[in-house]
Amino acid sequence: MTTPLDAPESSQNAAPESLASGTRGAAGRSLRQIAWQRFRRDRVGMAGGVVVVLLILAALFAPLLTAWFGYPPNQFDQELIDPLTGGVLQDPDQPALGLDPWGGISTQHLLGVEPVNGRDLFSRIVHGARTSLLVATIATLVCVAIGTVLGVVAGYFGGWIDTAISRAMDIFLAFPLLLFAIALVGVIPDGAFGLQGNDLRIGVLVFIIGFFNWPYIGRIVRGQTLTLREREFVEASRSLGAGSAHIVFREILPNLVTPILVYSTLLIPTNILFEAALSFLGVGINPPMATWGGMLENALRFYTTSPHFVIVPGLAIFLTVLAFNLFGDGLRDAFDPRSSD
Amino acid sequence: MSTHHVTRALPRRTDPPAGRASAPLAAASALVVLLSACGGDNSGNQEGEGEFNDGESAVVNPSDERGGTLRYALAADFDSPDPGNTYYAFSWNFSRYYARTLLSYDQEPGEEGTELVPDMAEELPESDDDSTEWTVRLKDGLRFEDGSRITSEDVKYAIARSNFGDQALPNGPKYFADLLADSDGYEGPYADEGDPLEGFGGIETPDDRTLVFHLDEPFSEFPYVLIQPQTAPVPADADQGEQYQNRVVSSGPYKFAEDYRPGVALDLERNQEWDAETDDLRPALPDRVELEIGVEQNEIDQRLVNGGVDVDLAGAGVGPAMKGTLITDESRRPDVDNPQTSTLRYFNVNTVMEPLDDAACREAVLHAADRDALQRAWGGDTGGDIATQIMPPSLPGSDQSIDPYPSQDNTGDLEAAREKLQECGRPDGFSTTIGTRSDRPADVSTAEALQQSLSRVGIETEIQQYPSDSYTNTQAGSPDFVQNNDLGLTVYGWAPDWAGGYGFMSKILDGDAIQQAGNSNVSELDDPQINDWFDEAQTIADPDERASIYAQIDERAMEQAAILPVIFERTVMYRPPHLTNVYYHAGYSMYDYMALGTTRE
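Every value quoted in this text rests on a predicted model; they were computed, and no experiment measured them.

K.L.:
Give me the overall build of chain B: which residues, what numbers.
P.N.:
The helix and strand inventory of chain B stands at 18 helices and 23 strands. Here the C-alpha radius of gyration of chain B, 24 Å, is about what a compact globule of 601 residues would show, namely 25 Å. Buried positions account for 60% of the 601 residues belonging to chain B. Of the contacts made within chain B by residues no fewer than 6 positions apart, 75% connect residues no fewer than 24 positions apart.

K.L.:
Residue-level account of the pairing of strand E10 (residues 288-293) of chain B, with values.
P.N.:
Residue and element names in this part refer to chain B. A one-sided burial pattern is seen for E10, the buried positions being Val289, Leu291 and Ile293 and the unburied ones Arg288, Glu290 and Glu292. Strand direction decides the pairing type here: strand E1 (residues 69-74) and E10, joined by six bridges, are parallel. Among the inter-strand pairings, Thr69 is bridged to a residue of E10, identified as Arg288. Sheet topology places strand E9 (residues 265-270) next to E10; five bridges connect them, and they run antiparallel. Looking at the pairing, Glu269 lines up with Arg288 of E10.

K.L.:
Please give an account of helix H7 (residues 297-306) of chain B that cites residues and values.
P.N.:
Residue and element names in this part refer to chain B. For H7, every residue scored as buried is listed here: Ile300, Asp301 and Leu304. Taken around the axis of H7, the buried residues stretch over an arc of 100°, which confines them to a single face. Taken together, the buried residues of H7 touch E1, strand E11 (311-312), helix H8 (320-328) and strand E19 (573-574). Looking one or two places after H7, you find Gly307, whose phi comes out positive at around 90°.

K.L.:
Residues and numbers for the packing of helix H11 (residues 292-299) of chain A against helix H12 (residues 307-335) of chain A, please.
P.N.:
Residues and elements named next belong to chain A. One can describe the packing of H11 onto H12 by two numbers: an axis separation of 8 Å at closest approach and a directional angle of 155°. Relative to H12, the element H11 lies roughly antiparallel. Crossing of H11 over H12 shows left-handed handedness. Packed against H11, whose contacting residues are Trp292, Met295, Leu296 and Ala299, the element H12 presents Phe309, Val310, Pro313, Gly314, Ala316 and Ile317 at the interface.

K.L.:
Account for the domain arrangement of chain B, naming residues and giving values.
P.N.:
Residues and elements named next belong to chain B. Split into domains, chain B comes out as domain 1 (85-252) and domain 2 (340-570). Distance between the C-alpha centres of domain 1 and domain 2: 35 Å. Counting from both sides, the interface comprises eleven residues of domain 1 and, opposite them, eleven residues of domain 2. Class assignment for the residues of the side of domain 1 that touches domain 2 results in four nonpolar, four polar and three charged.

K.L.:
Report on the packing of helix H4 (residues 62-69) of chain A against helix H5 (residues 121-157) of chain A, specifying residues and quantitative values.
P.N.:
All names here are of chain A. Relative to each other, H4 and H5 sit at 175°, their axes nearing to 9 Å. As far as their axial angle goes, H5 and H4 are roughly antiparallel. Residues Ala62, Leu65, Thr66 and Phe69 of H4 touch H5, and the partners they reach there are Phe122, Ser123, Val126, His127 and Arg130. Partitioned by chemical class, the residues of the contact of H4 with H5 number five nonpolar, three polar and one charged.

K.L.:
Describe the environment of B:Ile553, listing the residues and the values that go with them.
P.N.:
Residue and element names in this part refer to chain B. Mapped onto the secondary structure, Ile553 falls in helix H18 (residues 543-559). Put simply, Ile553 and Thr382 are 171 residues apart on the chain and 29 Å apart in space, counted from C-alpha to C-alpha. Among all residues touching Ile553, those that are not within four sequence positions of it are Met505, Leu509, Ile530 and Trp533.

K.L.:
Requested: an account of the interface of chain A and chain B, with residues and values cited.
P.N.:
Facing the 23 residues of chain A at the interface are 30 residues of chain B. Residues belonging to the side of chain A that touches chain B are distributed by class as follows: ten nonpolar, eleven polar and two charged.

K.L.:
Give me the lowdown on the sheet that holds E9(B), citing residues and values where you can.
P.N.:
Pairing within the open sheet is mixed, and its five strands lie in the order E8-E9-E10-E1-E11 (chain B). If you trace the sheet from one side to the other, it starts and ends with strand E8 (254-256) and E11 of chain B, each paired once.

K.L.:
Which residues make up the pairing of strand E18 (residues 563-570) of chain B, and what values do they have?
P.N.:
Residue and element names in this part refer to chain B. Of all the eight residues making up E18, eight are buried; the element is thus mostly covered by neighbouring parts of the structure. For strand E13 (residues 340-349) and E18, the ladder comprises six bridges, and the chain directions are antiparallel. If you follow Gln340 over to E18, its bridge partner there is Arg570. In this sheet, E18 lies alongside strand E14 (residues 384-386) in antiparallel orientation, the contact comprising three bridges. Directly across from Gly384, in E18, lies its bridge partner Glu569.

K.L.:
How would you explain the sheet that holds strand E7 (residues 210-214) of chain B if you had to name every residue and give the values?
P.N.:
Residues and elements named next belong to chain B. Spatial ordering of the open sheet is given by E4-E5-E7-E6, a layout of four strands whose pairing is antiparallel. Only two strands of the sheet have a single neighbouring strand rather than two, namely strand E4 (126-127) and strand E6 (203-204). Where E4 lies against strand E5 (residues 133-137), two bridges are found, and the strand directions are antiparallel. Bridge pairing links Glu126 to Thr135 in E5. Those strands touched by helix H4 (residues 152-163) are E6 and E7, and its axis lies near 35° from that of E7.

K.L.:
Summarise unusual backbone geometry; cite the residues concerned and give the values.
P.N.:
Across the junction of A:Pro287 and A:Pro288, the peptide omega takes the value 5°, indicating a cis bond. Geometrically, the link from B:Glu354 to B:Pro355 is a cis peptide bond, its omega value of -10° lying close to zero. Relative to the elements of secondary structure, B:Pro355 occurs in the loop between E13 and helix H9 (359-368). Of note in this structure, A:Val116 is not a glycine but carries a positive phi near 70°. A positive phi is found at B:Asn61, a non-glycine position, where the angle reads about 60°. Here B:Asn61 is to be found in the loop between helix H2 (28-37) and E1. Residue B:Asn61 is classed as buried on the basis of its C-beta count, with 23 C-beta atoms lying within 10 Å.

K.L.:
Account for helix H12 (residues 414-423) of chain B, naming residues and giving values.
P.N.:
All names here are of chain B. Of the positions making up H12, those classed as buried are Ala417, Lys420 and Leu421. Buried residues of H12, seen end-on, are gathered within an arc of 105° and therefore sit on one face of the element. Where H12 is buried, its residues meet H9. With its phi angle positive at about 80°, Gly425 sits one or two positions after the end of H12.

Thresholds, definitions, all that
Residues numbered from 1 in each chain as written. Chains lettered and ligands numbered in written order. Predicted model: local features only at pLDDT ≥ 70, side-chain atom pairs only at ≥ 80, totals over all residues. Helix = DSSP H or I, 4+ residues; strand = E, 2+ residues; numbered from the N terminus. Rg over C-alpha atoms; globule rule 2.2 N^0.38 Å. Buried ≥ 20, exposed ≤ 12 C-beta atoms within 10 Å, placed from the backbone. Contact = placed C-beta atoms within 7 Å. Pairing = 2+ DSSP bridges. Arc of directions from axis to C-beta. Axes fitted to C-alpha atoms, helices over the stretch in contact; angles between N-to-C directions. Parallel < 35°, antiparallel > 145°, perpendicular 65-115°, else oblique. Left-handed = near helix turned anticlockwise from the far one by under 90°. Domains from an automatic or database assignment. Nonpolar A, V, L, I, M, F, W, Y, C, P; charged D, E, K, R; others polar.

What follows is the structure, encoded as structure tokens:
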């Protein structure tokens, strides 16, 4: 669902067409204003966007949030736990009442606590969002940077350059990425490139995801560039004596911003899932740092006694990926005039 | 979460260091970890007779009623059902149905189960004064399934095929090759067409019923080597090397009903030539024994509880999902056993890297550790008992009173820890790394719990994860890697090949056992006093005297703070109510399969 191969081939047509369609006051309105107006009417996309914004805020202010609720993400509280089963007690003062089917959800612990060690799940989910969004966002930026540069170069210059870059994309797309990631993360030393421990591991994750996922966006950019460079305004510019640099930076790139923005939004959830998969396999971030995938893996041991522990991080991943996808779809619809009513 | 697969990695052979007899235990380490994998399960009692964990200390549902079919299931296949070619603890237990050995563990619940008794031997072997020559006499009236007599030559041949030469059977340990004298040039029975035992001088067979073993070095625990299934007799003319596993010639109460089908099934029926008069150890109750191979673990657990299977052969206990169900379901509790295995879960505390090379810094770690939290991380009371010393209670010489780092409620003594930090010149603490196995959730939880408790006194740690199939060999198992990655603390597990202190402790505490890869003495403890004690123990014939030396070693290693013991592991096993004579056997760390019967038609 997130492999953005179906490019909105006509989004660059948006400006002239919207002007031509002449909705009221067409005069001063830019593509962005029109798109925003469309997007506002798209309730599903808006909902996705709101969730995305909330998630980003939660991740940004994670330390503040956990400070308010009083539980650092790695702090044990084994008073809440039944030592026999590792499950969460209904009432720590009365162990005889047995396990809490809701996993200790209360005003103290908004999402309950983790079995065995009693860490606060809300706090770990919020901190996990930090890890997930950080890795996914930076990795997406890396994808976009590499993909845009190589895509434009391939599309604009064509010829053997295009052939070489396109074949390189094929090779990268054929790469068994997950296996490679597992192997590479398995041999990361304690420190390298001036980074230590988890900083280094985050760096490696970003590198793997970003460096191997760029061809998706690269292909789209190349395709767009191929059509753009034949367009009249480019021809006009060229006939007026503009150099390649001018054409690329002033004529082509501005028209690429929209598709790049849309596909970045759709790439982020892929990368979130990828990071979660690696953490689930135990090759991502080292404990005790909270990650959603790592929490899920840990939870599988307890699904009979503490089902909430599976559900909470599972829902977090699900909602995040869904929200980003809805948001991205909404953006695409908004920028793509063919979807206009 | 147990450690099945390490078996293959460890049975490397090491040459015995000069003047020591440590080689035999090279392979001990393998089973060590293996045994942890093999708690048992199955068993039962007439409806309502057993109570929770009765099977650990008593025979549940005793009966001498014969008949019925006993149904085993197994998730991953045998290495081989050939008694000469197997290193899985469950296989050592199961193969006794059709393969009698010279000695065996006693058939008793509790610690008595680790005592040695004769099986094919008339009595326990006698040694000369310096424990280098051991004599065993076979009972009269022992026969193979075809009616022919079992002779001392058949036993000697079995040992030869599993231990000697390039074509020796690959899976089992090679204790005999390491231990026996006068056999250096012997190429094994498959080497040439002539007499298969030509040149094998380590075992003499002066007559049909006598075996005399000659050892290179004194080795007072040699009788333990004679419980191995490799000592089960094999008629030379029936041997087909590794293919002998298809139809092992039985010396026990059952024989192969048809050929063994690898990955599918192995069915046994009664062997009419077996004489119960010669065998005190095998009541042989069921008429038939069936084994289904390749059943997924969760399915085995389900079928155990639903009555579709009687015993999970692997004996490692139920999987985590069923474990949660069983210990929370009151109506199932009477049919659940939760016995202590001989496996120690612990942290190695490195003794050579800064600042842990200072014993006071290591002691600070042991004082600060919250043992209660560590036990919870390992699954709480059903996961194991808090350990304050190194040797599991079932081993001779284990002294439960050793506890140099006591604390209120086992939550750690922070005052004492801070004092020790002062003493080692790091009053504000220090930092190091905890190594753990990424695919072992309990290992990771334990590491997190230790990290939490150490941070209370300023000892800051970072957790590094490694894949478990290389962990014991190239990460924790490599002193260079440990040094370069600052792995001051490493999560580890250990179980003995046999119930002796030497078998348990020498590989993890003896300075001479440190090696460059596959190292098990991860803390790199090289204490002259402890090394001397290990040497000394091997020349002492009296088991009690040996046991007291092992207790001294245990106590001194704890004082040196080279090991932070966490728990003696427990497994959760389901004991179906229709099983009879069920008890947990401390020697095999699972139910005693020879005793089992069934009331199911």
